[in-house]
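Each chain, letter by letter, is given below.
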Amino acid sequence: MAKEERRLESEGFCKDTVERKTKDQSTAMGKLMVCVSGSPFSRELIRSARQMADDLNIKWMALYVDTPRRAPMTMGERMEISRNMRAAENLGAETFIIPGTHVSDEIISFAWEHNVRHIVIGKPNYSRMMEWVNPSVVDQVIRKGENITFHVIPGRREIRTNKINYIFPEHSVKWAPYLILTGMIIMLTLLLKLTGMANDLVNVALLFLMPVLFGASRWGMGPGFYASLMSILSFDFFFVPPIQSFTVADLRYILSFAVFLIVAMLTASLSSKLRNQLKEAQENEKITLTLYTLSREMTVVDELNATLTRIVLQIADKIGFQAAIYLPDKDGELEVAACSNDADREQVKVGGFIAKWVYRHGEMAGHGTQTLNESPGLFLPLRTEDLIHGVLAIYYGKLRIPDSLEHKKLVEAIAGLVAAAVARMKLQEEAKKAQLAAESEKLRNVLLDSISHELRTPLSAIIGSVTALTDQDDVFTSEDRKVLLGTIRQGAARMNRLITNLLGMVRLESGMLRLKRHWCDLEDIIGVSIRQIEDSLENHELNVEMDESLPPVQVDELLIEQMLVNILSNAVKYSADKTRITLSTYQKDDHVEISVKDQGIGVPLNELDHIFDKFYRLKSDARVPGTGLGLAIAKGIIKAHGGNIRAAQNQNQGITVVVSFPVGE
C-alpha cells in the first residue's frame, strides 16, 4: 500500500486524492481475521496474521467462537484462550469473543458482517480417518466461504507439559458426586425391590433414568455417564431374568440396554450442555452486574480521591477480596492512593514494590503469574491506550483464590474501568485548570481595561482642574473655581466608589464579608445614600416614596448604603438627563422592599438575568462608564442579609430593580 501511495504521488496526484484512493483500495481489500482457539499454536497464527496484515496494510482482528461443550472447559483451556486473546490485543488486533453453536457458521457470518476478505486459520493435525469421520472446522469454513481468501497454516503435534503457570489453578477430581449417585442407585434399587415393582420392567427402566438426569444436570457429563452405566448394571443384575446375574436370557434386552444407554447418554449430554450454558449465563450476569455497579459508582463523584475510595470499597464488597490502588505522585513515585478498610496495611506497603515493577513494565504480576508468583496479591496495570496511569492490586490473603476464568475476566475488566475512571478524572482536572486559567486571563483583561479607563477619566479631570487652579488662579472667577472644585469632588467620589466596589467584591469572593447588624432607620440610610451621589443626580428628577409605617430594620447600614448607592448610580448612568428616577419603600409581610425605577435605555429580555453577574456590561452602549461590579456587589450584600434582588422591564421605558430583605428579629 505504501508503494501504491508513492506511485500515485509520483504521477502528480495531490495528497488528498492519494489518501482517498488508498482508502478506497483498503476498503476494497477488506480486513484480515485470525481464528483463535485454546491451543498454544494459536499464538503462532496470531503472529503470522499480524505479519500478513502489515504486508497488506489492512486492519486485522482476532475471533474466538465460544460454543457449548459436552464437558465443561478446563481451566487450562480457558487460560490459553485468555492468553491468546491478550497476545492479539498487544500486537494491535481488535479482539472478539462471540457465542455460537456451529463454529464454521459463526466464522463465515462474522466475516461477512465485518468485511473480512482474508482469514488465517490453523489446520489440526488429524489422521485421514478422523477427518473423514469428523470433518475439521477448516474444511467446513472453506466450503462455506465465498469471495474470501483463506490462509491455512498446518498445525503440529503438541507435547503437553506442566510448565504453564495458571493464575487460578485447577482442583483435582471431586469424588462426592459419584458417591452420591451410587447411593441414589442403591436406594432406588432397594425401594423398587421392597415395593414389588420388580415385574414392571418398563417403569423400572424409566425410573433408573432419574439418577442419570440428576447427575448430568447437577455435575455434568462425567457423573451422568457414570450414573447411566451403574443404572444399566443394577437394572440387569436385580431385575432382568436371570436375576442376580449379568447374563441375559432374552436377547431382546440387549437392544433395550443399548437404547437405554443411548437415551441416557443423549439426555446426559443435553442436560450437561444446558447446565454449562446456565452457569456461564449466571457468571456473565454477575460480571455485568458488578461492572455496572462499579461504573455507576465511578460517575457519582468527580473528585479523584473520593472516587478511588468508593472504587476499592465496591471491589471489596462485590468480589470479596481486599483491593488497593497505586498512583504516581508529582515526582512520578508510586504511592498508595486508596485501599479498602480491611486491607493489611503492611501487606499493602510491601505490595508497593511489586506495583512499581508493574507500573514500569506495564505487565501483570503477582500470585499465579510468571512474574513474582509468590506474592499474596494480583497486580494489574491501569492502562488506557498507550498510557499507564497506575496499578490495581487484589489481595487474596488467606482466602481461597477462585478457580474460574470469570473471576479473572472480572478483575481485568475492573482494572479497565478503574483506568478509564482515573484517566477521566485527570482529564477533568486538566480541563478545570485550563478553564480557570482562561477565566483568570479574561478577568485580568477586564480588570485592566475597566480600571484603567475608570481611573484615567476622573484622574484626568482632577489633574486638569487642580492644574488650572494652581497655574491660573487669578484668571478664574469664584464661580469658575466652584465648578472646578466640583469637578475634583465628583472625580474623587467616582474613584472612591470604584475602589469601594473592588474591595467589596474581594470581600465577597474571599468569604471575609461579616455583617455588623444593628437596628437602623431605613429613612436615614436612604438619605445618606442619596447624599453620596447627589452630584450625579443633579440632572435627574429623583422621587422618593417612603411608607411612614415602616419599622426599624436590623441590617449592616454601611453595606446597605453601598448597595443603594450602586443601584442608584446604575440607574443614573443608563438614564438620559431630565428623566425621572423613583425610589419606593414599602413593607410586605415580614420583609422590606426597596424598588428603584428608571426611564433609561432598558435591558433586553435575554440579558435581564445577567445584569447581576460580575463584570457584565450591556452591549447596547459601550460608552457608559463603569466596571460591571455595582449590581454584582449589591446582589452579594443583599444575599448576605438573607434577601434577594431582581429586575423587571417597565411597561414604557427602563427597568425596575427590587430589593427585598427581612426586617430582623
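Relevant structure appears above.
Everything numeric here is computed off the predicted structure, so don't read it as measured data.

A word on helix α11 (residues 221-238). Its 18 residues give α11 an end-to-end C-alpha distance of 26 Å, which sits within 8% of 26 Å, the value for a rise of 1.5 Å per residue. Residues of α11 that are buried include every one of M221, P223, G224, A227, S228, S231, I232, S234, F235 and D236, and no others.

This paragraph deals with the sheet that holds strand β14 (residues 580-588). The strand order across the open sheet built from 5 strands is β12-β14-β15-β17-β16, with neighbouring strands paired in mixed fashion. Bordering the open sheet on either side are β12 (541-545) and β16 (644-649), each of which pairs with just one other strand. Strand-to-strand twist across the sheet, computed as the mean angle between neighbouring axes with direction ignored, equals 15°. As paired strands, β12 and β14 are joined by 5 bridges and run parallel to one another. Considered in β14, the bridge of E545 is made with S584. Its contacts with the sheet put helix α17 (residues 522-532) on β12, β14, β15 (591-597) and β17 (655-662), and the angle it makes with β14 is roughly 160°.

The next subject is a negative patch on the surface. On the surface, D521, E523, D524 and E548 cluster together into a patch of negative charge. One can find E523 in helix α17.

Within this structure, the stated rule accounts for 8 aromatic pairs. Pairwise contacts between aromatic rings join W175, Y178 and Y226 into one cluster. The residue whose ring lies beneath K193 is F239, and the NZ or CZ to ring-centre distance is 5.2 Å.

By size, the foremost hydrophobic cluster in this structure holds 43 residues, and its most contacted members are L522, M563, I567, I611, I645 and F661. The residues touching F661, leaving out its near neighbours within four places in the chain, are L522, V553, V555, H591, V592, I594, I638 and G643. Of all hydrophobic cores here, the second largest spans 28 residues; its members include L304, I315, I394 and V422.

Let's shift gears to unusual backbone geometry. Backbone geometry at N147 places phi at a positive 60°, although glycine is not the residue there. Within the secondary structure, N147 sits in the loop between α7 (137-144) and β5 (149-154). Look at K578: it is not a glycine, yet its phi comes out positive at around 70°. In this structure, K578 sits in the loop between α18 (557-573) and β14. K578 gets classed as exposed once you look at its relative accessible area, which sits at 69%.

This part covers the environment of P99. Relative to the helices and strands, P99 is located in strand β3 (residues 94-99). Residue classification places P99 among the exposed positions, given a relative accessible area of 67%. As for P99 and T67, which are separated by 32 residues in sequence, their C-alpha atoms are 5.9 Å apart. Setting aside its immediate chain neighbours within four residues, P99 contacts D66 and E106.

In this fold, L261 is placed in helix α12 (residues 252-300). Among the residues examined, L261 registers a relative accessible area of 31% and is labelled partly exposed. Once the C-alpha coordinates of L261 and I232 are considered, the two residues, 29 residues apart in sequence, prove to be 7.5 Å apart. Residues in contact with L261, not counting those within four places in the same chain, are S228 and I232.

Parameters and conventions
Residues numbered from 1 in each chain as written. Predicted model: local features only at pLDDT ≥ 70, side-chain atom pairs only at ≥ 80, totals over all residues. Heavy atoms only, no water. Helix = DSSP H or I, 4+ residues; strand = E, 2+ residues; numbered from the N terminus. Expected span 1.5 Å × (residues − 1). Buried < 20%, exposed > 50% of the residue type's maximum accessible area, 1.4 Å probe, protein only. Pairing = 2+ DSSP bridges. Axes fitted to C-alpha atoms, helices over the stretch in contact; angles between N-to-C directions. Contact = heavy atoms within 4.5 Å. Patch = residues over 30% accessible without salt bridge, like charges linked within 9 Å, V, L, I, M, F, W, Y side chains within 5 Å. Areas by Shrake-Rupley, 256 points an atom, 1.4 Å probe, with all protein chains shown as cover. Salt bridge = Lys/Arg side-chain N within 4 Å of Asp/Glu carboxyl O. Lys, Arg positive; Asp, Glu negative; His and termini not counted. Charge placed at Lys NZ, Arg CZ, Asp CG, Glu CD. Phe/Tyr/Trp six-rings, centres within 6.5 Å; stacked < 30°, edge-to-face > 60°. Lys NZ or Arg CZ within 6 Å of the ring centre and 35° of its normal. Core = buried A, V, L, I, M, F, W, Y, C linked by side-chain atoms within 4.5 Å.

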